[in-house]
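# Overview (structure and organization)
Listed below, chain by chain, are the residues.
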Amino acid sequence: MRKNRTAALTAATFLLIAGAGIMTAPAAHAGVPGGTRADDRNCDFNGDGYEDVLVGAPGAPVGGKRGAGLVTVQYGSANGIGTRRAAVISQNTSGVPGSAETGDAFGKAVATGDLDGDGYDDAIVGVPGEDIGTKVDSGGAVVLWGSPQGLVGANSQGLDSLLGVTAGRRFGSALGAARFSAESAGDQLIVLDRDAAELHLFAAVPQRSATRADRILPLTRSALRATTETEEPVRDIAAKSVTTGDYDRNGFADLVISGTSRGEDPGHGWSWYIAGTSTGLEYQRALRGGPSVASGDINRDGYDDLVTGEPNSPNDGGDWMTGGQVGVYLGSAQGPKGASGVGTPPTWWTQNSPGVPGASERGDGWGADLSVADTNGDGYADVAIGAPGEDIGTVADAGMVTVLRGNSRGLTASGAAAWTQDSPNVPGAVEKGDKFGGQVRLVDPNRDGRFGLLAAAPGENTNDGVVWVFSAGSGGLTASGSWTFGAGSFGAPYVDGLYGAAIDE
């Protein structure tokens, strides 16, 4: 709990989306666009050139407070990641705003980006269960600044919603950071809550403590639609996740906010595509698919592509789907385009698609989480797909992970692979409710150009949570030599921690 609000922003904060409407930021000072590629990853907290790994355990008991939550940080090296060169951070860490309280869920969402432009990537940790004063679950977020020593609690900054402290808002439920415009020297931060998304801009390092709030310009649905080139109405969605990528290759990252439809036809996966430009983010159109999303260059054409996961949604015929589906939009000069061009649905994949391992069954949750990166070094990004509801034999919700390969035409089932805890060389055993594949992340902590896989089972050991590590070689991912770690591997509290419920992309 925090009895007094911390500074809500540095340099500038704008309300971006509220309900079904979108609010835009005014044109700001000039700047030079930085790197925006999704495969740049922005996960090097200590500036040594190796990708680091940030994992959340939002259920972990800290200081005896159940569900207070924590994160672990593993620093990459020529040998990859391990459990020795690591750190554990919670709200009881010196310098971190607030204190560990029951149900805070510190680490429910995580993201990284160089917010202050100092060359060290920073970590943003969502605390959606944070109580502020008497306002239960108002929520918050914490920025942990990168440094030559990596992430430390000192000078960490707390963020609250610009909409004000409201019970149940759950600010910090989802996060994303990228260089969307020339409005600030570093990456810009997106924070979601129950009703809205906010864009936070930070000053350069010497001005880190300076605060100011620029004006908010609300747009109605009709006003927003007037900014698009189509007559399509602005679709009302319950936003749940974000991803970023340079889909139109203009040098600025674009933003996709994904969720499920509300209103007359609820429950379908839909996303907003909002393009990054030199002067700010501009809404473009709604895209079928969601609420999970990820980005990367699957067909190696220089444009980032968008992948959507719809683990449990009614299909377009109105019947409830069984096992889930994944959609692929290829990037273009006009942004993400569907199978038949801009404004059309994506190329759909299910476990019933030819060559895809398994079969589509009710409750599989195929597409519950996604990650996109090159696993074999051929230059084409591959897609890891989590199916935490997959039943293995008679064991319910044991979980599975599938990887589909990229090629010049897009995604392909050629060379597809899948793993469960019952697969050869995979540690552990299938158990009810493990939810293996609840989170999937492709990472390259040893900088060899081949992305290995982190596959989390937040339900492992009755919700303690465990993460599996699969290495990558010239043939792609392999279970040979795979190993596991959990919060207890770092000496952190782990009981019911849901470790691996969030892993930074």
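Within an unreviewed UniProt entry, the label attached to the chain reads FG-GAP-like repeat-containing protein, and the organism entered is Streptomyces solicathayae.

### Side note on the overall build of the chain
Helix and strand counts for the chain stand at 2 helices and 29 strands. Counting across all 505 residues of the chain, residues that qualify as buried make up 59%. For the chain, the share of sequence-separated contacts (at least 6 apart) that also reach a separation of at least 24 residues comes to 59%. Counting every atom, the chain has about 18100 Å² of accessible surface; 48% of that belongs to carbon and sulfur.

### Brief notes about the pairing of strand S21 (residues 369-373)
For S21, the tally of buried residues reaches 5 of 5 residues, placing the bulk of the element in the interior. On S21, burial covers both faces: Asp-369, Ser-371 and Ala-373 on one face and Leu-370 and Val-372 on the other are all buried. When S21 meets strand S22 (residues 382-387), the two strands line up antiparallel, connected through 5 bridges. Within the sheet, the bridge partner assigned to Ser-371 lies in S22 and is Ala-384.

### Thoughts on the pattern of salt bridges
Taken as a whole, this structure holds 8 salt bridges when the rule is applied. For the salt bridge of Arg-262 with Asp-236, the shortest nitrogen-to-oxygen distance reads 3.1 Å. Note that Arg-262 is positioned in the loop between strand S14 (254-261) and strand S15 (269-277) and Asp-236 in the loop between helix H1 (221-226) and strand S13 (237-245), a separation of 26 residues in sequence. With a shortest N-O distance of 3.3 Å, Arg-441 and Glu-505 are connected by a salt bridge.

### Points about unusual backbone geometry
In this model, Gly-290 is joined to Pro-291 through a cis peptide bond whose omega is 15°. Counting through the fold element by element, Pro-291 comes out in the loop between strand S16 (280-288) and strand S17 (292-296). Unlike most non-glycine residues, Arg-170 shows phi in positive territory, near 55°. Take Arg-170: it is sitting in the loop between strand S9 (157-159) and strand S10 (174-178). Backbone geometry places Asp-397, a non-glycine residue, at a positive phi of 55°. Along the chain, the position of Asp-397 falls in the loop between S22 and strand S23 (400-407). You can call Asp-397 partly exposed: its relative accessible area is 30%.

### Topic: the pairing of S10
Of all the 5 residues making up S10, 5 are buried; the element is thus mostly covered by neighbouring parts of the structure. Because side chains alternate across S10, one face comprises the buried residues Ala-174, Gly-176 and Ala-178, and the other comprises Leu-175 and Ala-177, equally buried. By the bridge criterion, 5 bridges tie S10 to strand S11 (residues 188-192) in an arrangement that is antiparallel. Counterpart to Ala-174 in the pairing with S11 is Leu-192.

What counts, and where the lines are drawn
- Residues numbered from 1 in each chain as written.
- Predicted model: local features only at pLDDT ≥ 70, side-chain atom pairs only at ≥ 80, totals over all residues.
- Heavy atoms only, no water.
- Helix = DSSP H or I, 4+ residues; strand = E, 2+ residues; numbered from the N terminus.
- Buried < 20%, exposed > 50% of the residue type's maximum accessible area, 1.4 Å probe, protein only.
- Contact = heavy atoms within 4.5 Å.
- Areas by Shrake-Rupley, 256 points an atom, 1.4 Å probe, with all protein chains shown as cover.
- Pairing = 2+ DSSP bridges.
- Salt bridge = Lys/Arg side-chain N within 4 Å of Asp/Glu carboxyl O.

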